[in-house]
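Notes for the structure review
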Amino acid sequence: MRPRSSSLSGLIGANGNPIRQWDSLYDDAENMMQASYVSYPLTFLLREAKKGNLQSSDRILEKLWAIGDGDLSTYIIAEDVLDIANNNMQYIRETYGGDFDVDFGWLRSFEHFAKKTREAGDPEAISMLEFDDHGEHSRLVYGIALNKLRKRVTLIFRGTYSEGTADWRRNIQADPCKVSLPEHLLEMSRDASSHIELHRGFYEYMFANKERSHKYQLERYEEIIDNVLGVLKDFPDYHLYITGHSLGGSLALLVAFHVACSDSPLVPKPVTCVSVGSPCIGDQRFLNTFRMLERSRRIRYLRISNSNDPVANLPPFSWYRHVGINLNLEKDKGFQLIYQKECEDDNYDKYGRWKTLASNFTSPSTAKAAVNAHYLTEYLRRLSREKAGLQGIYLEECYQDESIVGDE
């Protein structure tokens, strides 16, 4: 494994043509960061709308309420959310907890998508079809967005939202649980393990949530996949992207892995996962299986981390492994592209990741910087700084570059 910090160019695909069917690393990273960002304010706005605390036109408020009703024919666009925010700015400033300038960087995320659609001459070209926060005191929160400009369906998982949710309880349930792999995957390689071990909190949140109410008959994964397949049925030539920040990034990877394992012809392969500041979810056998899925072009994974973001080094236990291609954004300047394989994680040693975590908290200033490094505003700032270098790099090409992935 070798760090990489320069542009890739001139790589040719198997058919002899340049690979350009996907966005650049920068565009993929920026769009998925912005998509992950909007999940936090939508939670707040939906809560306040349900309490009757927001002012706007009845039509727009009805659209906000409707995105969580399970009807994928209803949607809300960035201009609608900006209208709600602008009509309620004083109330939001007084009510929303935390640092307004940091936490409400999300306004720029909606402005980002609104600008894209205005430039395309179609304000509805990017829309949120579903944002399900029902039962969030015990169930994870997700959204489904449609981007007609990029021919993309994006599944978004919200990160940890401390107030009134089960998110923190799931984060700290870091003991591993054993999960069996489907037979068709075992047939792909003689070296494949019959099972893998995954982070119990994340896995049970998605697949075996005993805390959910009896009124929710399906597990979250079943609901989510039913909805995603419904959208892909209407847009069969679209790519599927899955993304999230922090906890949301780990849930995104978990779902992307299971979708990639599936033999369903309804999901176009490869599935693309882009996570931001996310913890590990599996062991060495999970990593080995994941690499097998990458080689068979079932999945592509870009894991974005800030170099001093402590959350990206969790859980700190030695049996957990990161997977995929890591875009590591340095604190001051520069970036690295690192492919995770075997035990060659730069942050791994016999003590797990405890030493790396401890290095982020050696003084009040380093601790403050480490906390700040986990904010999406800081991720977007560092990404923007590296725009020139990343616009000429493509994830698909990274998977073919031996200086990054080695002799795969």
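Criteria and cut-off values
- Residues numbered from 1 in each chain as written.
- Predicted model: local features only at pLDDT ≥ 70, side-chain atom pairs only at ≥ 80, totals over all residues.
- Heavy atoms only, no water.
- Phe/Tyr/Trp six-rings, centres within 6.5 Å; stacked < 30°, edge-to-face > 60°.
- Buried < 20%, exposed > 50% of the residue type's maximum accessible area, 1.4 Å probe, protein only.
- Helix = DSSP H or I, 4+ residues; strand = E, 2+ residues; numbered from the N terminus.
- Lys NZ or Arg CZ within 6 Å of the ring centre and 35° of its normal.
- 1 Å grid on protein atoms, 1.4 Å probe; cavity = no way out; pocket = protein on both sides within 12 Å on 5 of 7 lines; lining within 4 Å.
- Points joined across faces, edges and corners; volume = space filled by probe spheres on them.
- Nonpolar A, V, L, I, M, F, W, Y, C, P; charged D, E, K, R; others polar.
- Expected span 1.5 Å × (residues − 1).
- Polar contact = N/O pair within 3.5 Å; in protein donor to acceptor, adjacent residues only side chain to side chain.
- Contact = heavy atoms within 4.5 Å.
- Pairing = 2+ DSSP bridges.
- Axes fitted to C-alpha atoms, helices over the stretch in contact; angles between N-to-C directions.
- Right-handed = clockwise from strand over helix to strand, strands pointing away.

Focus: the packing of aromatic side chains
- By the definition in use, this model includes eleven aromatic pairs.
- Taking the centre distance of 6.0 Å and the plane angle of 40° together, the rings of Trp319 and Tyr320 count as tilted.
- When its relative accessible area of 38% is taken as the criterion, Trp319 is described as partly exposed.
- Measuring from centroid to centroid gives 6.3 Å for Tyr339 and Tyr399, while their planes differ by 80°, and the two rings are edge-to-face. Taken together, the residues span a long stretch of sequence, with Tyr339 in strand S10 (residues 335-339) and Tyr399 in the loop between helix H18 (395-398) and helix H19 (402-405) at a distance of 60 residues. The residues Tyr339 and Tyr399 share a single accessibility class, namely buried.
- Within the aromatic cluster, the residues linked to one another by ring pairs are Phe257, Phe286, Phe290 and Tyr301.
- Over the aromatic face of Tyr241 sits the side chain of Arg152, whose NZ or CZ is 4.1 Å from the ring centroid.

Here's the deal with the layout of surface pockets
- Roughly 290 Å³ of volume is contained in the second largest pocket.
- For the second largest pocket, the lining is made up of 13 residues, of which Glu294, Arg295, Arg297, Tyr399 and Gln400 are closest to its centre.
- Counting only elements with at least two residues in the lining of the second largest pocket, the list comes to helix H13 (284-295) and strand S8 (299-306).
- Looking at the lining of the second largest pocket, the element that brings in the most residues is H13, giving three residues.

Focus: empty space enclosed by the protein
- Under the criterion given, the structure shown has two cavities of 30 Å³ or more.
- Empty space within the largest cavity amounts to approximately 280 Å³.
- Lining the largest cavity we find 23 residues, and of these Phe113, Ile126, Ser127, Met128 and Ala145 sit closest to its centre.
- Every element with two or more residues in the lining of the largest cavity is listed here: helix H1 (25-37), helix H4 (78-87), helix H7 (106-120), strand S1 (126-132), strand S2 (142-147) and strand S3 (152-157).
- Residues that form the lining of the largest cavity fall into these classes: 17 nonpolar, five polar and one charged.

Overview of helix H2 (residues 39-50)
- Counted at 1.5 Å a residue, the expected span for H2 with its twelve residues is 16 Å, and the 17 Å between its end C-alpha atoms agrees.
- Taken across its twelve residues, H2 has eleven buried, putting it largely inside the fold.
- Those residues of H2 that fall on the buried side of the exposure criterion are Ser39, Tyr40, Pro41, Leu42, Thr43, Phe44, Leu45, Leu46, Arg47, Glu48 and Ala49.
- Within two residues after H2, Gly52 carries a phi angle of roughly 80°, on the positive side.

Overview of the side chain of His199
- Mapped onto the elements, His199 comes out in strand S5 (residues 195-199).
- Here the side chain of His199 touches Asn171 through a polar contact of 3.3 Å, landing on its backbone oxygen.
- At 3.2 Å, the side chain of His199 and the backbone nitrogen of Gly201 are in polar contact.
- Setting aside chain neighbours within four positions, we find His199 in contact with Arg170, Asn171, Gln173, Ala174, Asp175, Cys280, Ile281, Pro315 and Tyr320.

Thoughts on the environment of Tyr339
- Under the relative-accessibility criterion, Tyr339 is labelled buried at 2%.
- Sequence-wise, Tyr339 and Arg303 are 36 residues apart; in three dimensions their C-alpha atoms are separated by 9.8 Å.
- A polar side-chain atom of Tyr339 sits 2.5 Å from a polar atom in the side chain of Glu294.

A look at the sheet that holds S3
- Spatial strand order, S1-S2-S3-S6-S7-S8-S9-S10: eight strands in an open sheet with mixed pairing. Strands at the two margins of the open sheet, each flanked by one partner only, are S1 and S10. Across the sheet, the mean angle from the axis of one strand to that of its neighbour is 20°, orientation sign disregarded.

Some remarks on the pairing of S8
- Most of S8 sits inside the fold, with eight of its eight residues counted as buried.
- Burial along S8 is two-sided: the face carrying Ile299, Tyr301, Arg303 and Ser305 and the face carrying Arg300, Leu302, Ile304 and Asn306 are both buried.
- As paired strands, strand S7 (residues 271-276) and S8 are joined by six bridges and run parallel to one another. Its bridge partner being in S8, Val276 is matched across the sheet by Ile304.
- Handedness of the S7-H13-S8 crossover: right-handed.
- Bridge count for S8 against strand S9 (residues 325-329) is five bridges, and the pairing is parallel. By the bridge assignment for S9, Asn306 is matched with Leu329.

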